[in-house]
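Given next are the chains, with one letter for each unit.
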Amino acid sequence: MSALVIADHDNEHLNAATRCTITAAGELGGGVEVLVAGHNCAAVADAAARCEGVSRVLLCDDESCRAQLAENIAPLVVQLAERYTHVLAAATTSGKDLMPRVAALLGVAQISDIIAIVSQDTFIRPIYAGNVLATVQSADSTRVITVRRTAFQSAGDTDNPAPVETVTAAGDSGLARLLEENQTPSERPELTGADVVIAVGRGLGNKEHLDLIEKLADSLGAAIGASRAAVDAGFVPNDYQVGQTGKIVAPRLYIAVGISGAIQHLAGMKDSQVIVAINKDAEAPIFQVADYGIVGDLFTVVPQLIAALNR
Amino acid sequence: MKILVAVKRVVDYNVRVRPMADETGVEISNAKMSMNPFDEIAVEEAIRLKEAGIADEVVLVSLGVSQCQETLRTGLAMGADRALHVETDVELQPLAVAGLLKAIVDRENPALVVLGKQAIDDDANQTGQMLAALLGWGQGTFACAVKIESGAAVVTREIDGGTRTVSLKLPAVITTDLRLNEPRYVKLPDIMKAKKKSIEKLAPEDFDLDITPRLQTLKVSEPPKRKAGIIVDDVNELLDKLRNEAKVI
């Protein structure tokens, strides 16, 4: 038995979420191989080959894989899948886009967003916005799985890289074409991998006040996240959203500023090591999950915090 | 152009769901039920395409218990033209739902299927992608903008690093994200009018499909609770706790 991990990457860098997926695949007890499908992506294959626990990397370098459209990648994964008992990807937006397509083509279930491996066919995954954990057992011979990054350690590097072999692409499906990609520019750590996250909510009131949050993030070398309300209000871009249907984070320190703490938001951050809440409403549900809370106006508390940190 | 929209009846998003004491299921027998919020966005998008003169018919489909009819009535009141209800008490998992939806698509021949990116009960985020796979169609998942132009759907998708825009050959499947639109409130006259619209009843047995669940839920449990925190007086006390007690900065 062995597992195939589908690498998440941008043709240049291996997404750190894939390293956590490699760790999860290793827990299954068999060999771990990685598929890197993209174009001019040899650097990604090299990085995957250096990950601890990886025994082989399959590189599919083809123009039709450049944009990593699920329509083009899924048939390739299906061709390879019969050699494996498990096919895994990180539960990133690309993994979530691709893996159900792979599973349906294989005629098997897909197991979403697992947070623990009980045995080779049994997994734990959150449902109902993380209010409930379900232990599910698969009856399929190939288990297609997405993995929650924050639940598994990142695989380190080894000095003995695994061999890289090339595989042939399935070709262009002709179903989809990438027109444009807009990356949100950021000098900050990537949100799902950051050590410290400052998250902002509706309490900010106005987009112009975001510089206050940025200053606080600068003082702590933090990433910035947000509640759905803050994204909907246009304070920050969509990819800042933390929660049930946004990003899942579990940093060392999470500071929620002006966030009331709807269950949908808590679903995305309640596994953080230490949670701090700053809110003027003492009854806000965020205080129920916070280790430390300050009841006060964020426009008073945050400047004091910045001043004290920079002292 | 005909648009098919799949809607799911789920526990309302405001309900806090807990496992039953014996861990065999969740406590939802008396919970308020609603249309899955992402599916509501899907219905809204389809109706807007009809109002813009791009679509000429919006057909809803829901799979599940008899009360799914209430969910369908909500969508009809929003402005959909007619509805299909595949009635069953059997638990349907995403692959089975996708298989049944494919059978409906084969019957209805829509140019576009729109559905929510994820249901807020099982949080699977699979059905749209699975349906696209079974149909051999393109998929525009997590859509925050949709344009139909010359035989293609131009879909802007919310992705981890920002957005990306793809052009999909029609027919295609689109799954909705939160920022696609803000669903309208239904007014009383619309609810009255919707009562006259047709809901056609079907059964899974009408289709030659294996809908047996592939995943067995062995148990459901409560996630570990966080221990109660404290309210600190000021910023200095907070930083002292973070540095010396929690040791995180």
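In this text, all values refer to a predicted model and were calculated from it rather than measured experimentally. The numbering scheme is per chain: residues are counted from 1 as the chain's sequence reads. By the order in which they are written, chains take letters starting at A while ligands take numbers starting at 1. With pLDDT at 70 or above as the cut-off, local features in this predicted model cover only qualifying residues; side-chain atom pairs require 80 or more to be listed or tallied, and sums for whole chains, interfaces and linings still use all residues. Hydrogen atoms and water are omitted, and side-chain values are computed over all heavy atoms in the structure.

### Here we look at the overall build of chain A
Okay, so step 1: Each helix and strand counted, chain A has 8 helices and 16 strands in total.
Okay, so step 2: A radius of gyration in this sense is built from C-alpha atoms; the matching globule rule multiplies 2.2 Å by the number of residues raised to 0.38. The C-alpha atoms of chain A give a radius of gyration of 21 Å, which matches the 19 Å a tight globule of 311 residues would have.
Okay, so step 3: Overall, the C-alpha framework of chain A stretches about 60 × 40 × 40 Å when taken along its three principal axes.
Okay, so step 4: Considering chain A as a whole, with its 311 residues, one finds that 60% of them fall into the buried category.
Okay, so step 5: Pairs at least 24 apart in sequence give 66% of the contacts found in chain A among residues at least 6 apart.
Okay, so step 6: A total of about 11,500 Å² of accessible surface is found on chain A, and carbon and sulfur atoms cover 46% of it. Put simply, DSSP marks the helices as runs of H or I at least four residues long and the strands as runs of E at least two long, and each gets a number from the N terminus on. Think of it in three bands: with a 1.4 Å probe and only protein chains considered, a residue is buried below 20% of the maximum accessible area for its type, exposed above 50%, and partly exposed in between. Any two residues having at least one pair of non-hydrogen atoms within 4.5 Å are treated as being in contact. For every accessible area listed, the method is Shrake-Rupley and the probe measures 1.4 Å; residues are considered covered only by the protein chains on display.

### Quick notes on the environment of B:Arg9
Residue and element names in this part refer to chain B.
Okay, so step 1: Inspection of the secondary structure assignment puts Arg-9 in strand β2 (residues 9–11).
Okay, so step 2: Between the alpha carbons of Arg-9 and Ile-191 there is a distance of 18 Å; along the sequence they are 182 residues apart.
Okay, so step 3: Residues in contact with Arg-9, not counting those within four places in the same chain, are Met-33, Ser-34, Val-65, Gln-67, Cys-68, Thr-71 and Asp-121.

### Regarding the sheet that holds strand β6 (residues 116–119) of chain A
Okay, so step 1: Taken together, 4 strands build an open sheet; the order of strands is β6(A)-β7(A)-β8(A)-β12(B) and the sheet is antiparallel. Of all strands in the sheet, those with a lone pairing partner are β6 of chain A together with β12 (215–221) of chain B, marking the two edges. Between one strand and the next, the sheet's axes are offset by a mean angle of 30 degrees, whatever the strand orientation. Following DSSP output, two strands are said to pair if at least two bridges run between them. The axes are straight lines fitted to the C-alpha atoms, using for helices just the contacting stretch, and the angles between their N-to-C directions are given from 0 to 180°.

### Thoughts on the packing of helix α3 (residues 70–81) of chain A against helix α4 (residues 93–106) of chain A
Residue and element names in this part refer to chain A.
Okay, so step 1: Taken N-terminus to C-terminus, the directions of α3 and α4 make an angle of 50 degrees; their axes are 9 Å apart at the nearest point. By the angle between their directions, the pair α3 and α4 is classed as oblique. For α3 against α4, the interelement crossing comes out right-handed. Of the residues in α4, those touching α3 at Ala-70, Glu-71, Ile-73, Ala-74, Pro-75, Val-77, Val-78 and Ala-81 are Asp-97, Leu-98, Arg-101, Val-102, Leu-105 and Leu-106.
Okay, so step 2: Polarity classes work like this: nonpolar for Ala, Val, Leu, Ile, Met, Phe, Trp, Tyr, Cys and Pro, charged for Asp, Glu, Lys and Arg, and polar for all others, with Gly in that last group. A per-class count over the contact of α3 with α4 returns 11 nonpolar, no polar and 3 charged. An angle below 35 degrees is treated as roughly parallel, one above 145 as roughly antiparallel, one from 65 to 115 as roughly perpendicular, and anything else as oblique. By the definition used in this description, the sense in which the near helix is turned from the far one sets the handedness, with an anticlockwise turn below a right angle giving left-handed and a clockwise turn giving right-handed.

### Observations regarding the interface of chain A and chain B
Okay, so step 1: Each partner contributes to the interface: chain A provides 82 residues, whereas chain B provides 75 residues.
Okay, so step 2: Simply put, the buried area is the total loss of 1.4 Å probe accessible area from both parts when two parts are fitted together. A buried area of about 6,700 Å², summed over both sides, lies between chain A and chain B, and 53% of it is on carbon and sulfur atoms.
Okay, so step 3: Any carboxyl oxygen of Asp or Glu within 4 Å of a side-chain nitrogen of Lys or Arg constitutes a salt bridge here. Where chain A touches chain B, the interface holds 5 salt bridges.
Okay, so step 4: The salt bridge partner of A:Glu181 is B:Arg164, with a shortest N-O separation of 2.9 Å.
Okay, so step 5: In protein, a polar contact requires one atom able to donate a hydrogen and another able to accept it; more generally it is a pair of N or O atoms within 3.5 Å, and residues adjacent in sequence count only if both atoms are side-chain atoms. Across the chain A-chain B interface, the total number found is 48 residue pairs in polar contact (both at pLDDT 80 or more).
Okay, so step 6: When the residues that make up the side of chain A that touches chain B are grouped by side-chain class, the tally is 39 nonpolar, 25 polar and 18 charged.
Okay, so step 7: Two strands pair when backbone bridges link them, and strand β16 (residues 292–295) of chain A and strand β13 (residues 230–231) of chain B are joined in this way by 2 bridges, in the parallel orientation. In the strand pairing of β13(B), A:Tyr292 is matched with B:Ile230.

### Digging into the domain arrangement of chain A
Residue and element names in this part refer to chain A.
Okay, so step 1: An automatic or database domain assignment provides the domain bounds reported here. For chain A, the assigned domains read domain 1 (2–166) and domain 2 (191–309).
Okay, so step 2: Distance from the C-alpha centre of domain 1 to the C-alpha centre of domain 2: 30 Å.
Okay, so step 3: In total, domain 1 and domain 2 occlude about 720 Å² of area from one another, counting both sides; carbon and sulfur atoms represent 50% of this.

### With respect to the packing of helix α8 (residues 298–309) of chain A against helix α6 (residues 235–245) of chain B
Okay, so step 1: At a closest axis distance of 9 Å, the pairing of α8(A) and α6(B) adopts a crossing angle of 55 degrees. Here α6(B) runs oblique to α8(A), going by the angle between their axes. For the crossing formed where α8(A) meets α6(B), the hand is right-handed. The segment α8(A) lies against α6(B), with A:Val301, A:Gln304, A:Leu305, A:Ala308 and A:Leu309 engaging B:Val235, B:Asn236, B:Leu238, B:Leu239 and B:Arg243.

### Some points on the packing of aromatic side chains
Here the distance between the centres and the angle between the planes together describe a pair of aromatic rings.
Okay, so step 1: A pair of Phe, Tyr and Trp rings is counted when the ring centres sit within 6.5 Å of each other, with Trp represented by its six-membered ring. The angle between the planes then sorts it: under 30 degrees is stacked, over 60 is edge-to-face, the rest tilted. This model, assessed by the stated rule, comprises 0 aromatic pairs over all chains.
Okay, so step 2: Two conditions define a charge located above a ring, namely a distance within 6 Å from the ring centre to NZ of Lys or CZ of Arg, and an angle within 35 degrees of the ring normal. The ring of B:Phe142 has B:Lys117 lying over it, and the distance from NZ or CZ to the ring centre is 5.6 Å.

### Let's talk about the environment of A:Ala45
Residues and elements named next belong to chain A.
Okay, so step 1: Secondary-structure assignment places Ala-45 in helix α2 (residues 42–49).
Okay, so step 2: Along the primary structure Ala-45 and His-9 are separated by 36 residues, whereas in three dimensions their C-alpha atoms are 9.8 Å apart.
Okay, so step 3: With residues near it in sequence (within four places) discarded, Ala-45 still touches Val-36, Val-57, Leu-59 and Val-164.

### A word on the sheet that holds β16(A)
Okay, so step 1: With parallel pairing, 6 strands are arranged side by side in an open sheet as β13(A)-β12(A)-β14(A)-β15(A)-β16(A)-β13(B). The outermost strands of the open sheet, each flanked by one partner alone, are β13 (223–226) of chain A together with β13 of chain B.
Okay, so step 2: Bridging between strand β14 (residues 253–257) of chain A and strand β15 (residues 274–279) of chain A involves 5 bridges; their strand directions are parallel. Residue pairing across strands places A:Ile255 opposite A:Val276, the latter belonging to β15(A).
Okay, so step 3: This element, α8(A), spans β14, β15 and β16 of chain A of the sheet and lies at about 130 degrees to β15(A).
Okay, so step 4: The sheet strands contacting α6(B) are β14, β15 and β16 of chain A together with β13 of chain B, and the helix crosses β16(A) at an angle near 175 degrees.

### What about the pattern of salt bridges?
Okay, so step 1: Counted by the stated rule, this structure contains 34 salt bridges over all chains.
Okay, so step 2: Here A:Arg19 ties to A:Asp157 by a salt bridge, and the two come within 3.3 Å at their closest N and O atoms. Highlighted residues: A:Arg19 in helix α1 (residues 16–27) and A:Asp157 in the loop between β9 (143–147) and β10 (164–166), separated in sequence by 138 residues.
Okay, so step 3: You can call A:Asp157 partly exposed: its relative accessible area is 49%.
Okay, so step 4: Residue B:Glu158 pairs with B:Arg179 through a salt bridge whose shortest N-O separation is 3.1 Å. Of this pair, B:Glu158 sits in strand β8 (residues 152–159) while B:Arg179 sits in the loop between β10 (172–176) and α5 (188–194), and the two are 21 residues apart along the sequence.

### Let's talk about a nonpolar patch on the surface
Okay, so step 1: Each patch is built from residues that are more than 30% exposed by relative accessible area and take part in no salt bridge. Like charges join if they lie within 9 Å; nonpolar side chains (Val, Leu, Ile, Met, Phe, Trp, Tyr) join within 5 Å. On the surface, a nonpolar cluster with roughly 340 Å² of combined accessible area is contributed by B:Val186, B:Leu188, B:Ile191 and B:Met192.
Okay, so step 2: Summarising the element assignment, B:Met192 is placed in helix α5.

### Here we look at α6(B)
Okay, so step 1: Restricting attention to buried positions, one finds in α6(B) the residues B:Val235, B:Leu238, B:Leu239, B:Lys241 and B:Leu242. Within α6(B), the buried residues cover an arc of 155 degrees as seen down the axis, which keeps them to one side.
Okay, so step 2: On its buried face, α6(B) sits against β14, β15, β16 and α8 of chain A together with β13 of chain B.
Okay, so step 3: Sitting at the head of α6(B), B:Asp234 places a side-chain oxygen 3.2 Å from the backbone nitrogen of B:Asn236.
Okay, so step 4: Of the residues one or two after α6(B), B:Lys247 is the one with positive phi, at around 55 degrees. Of all possible arcs, the one meant is that of the directions from the helix axis to the C-beta atoms.

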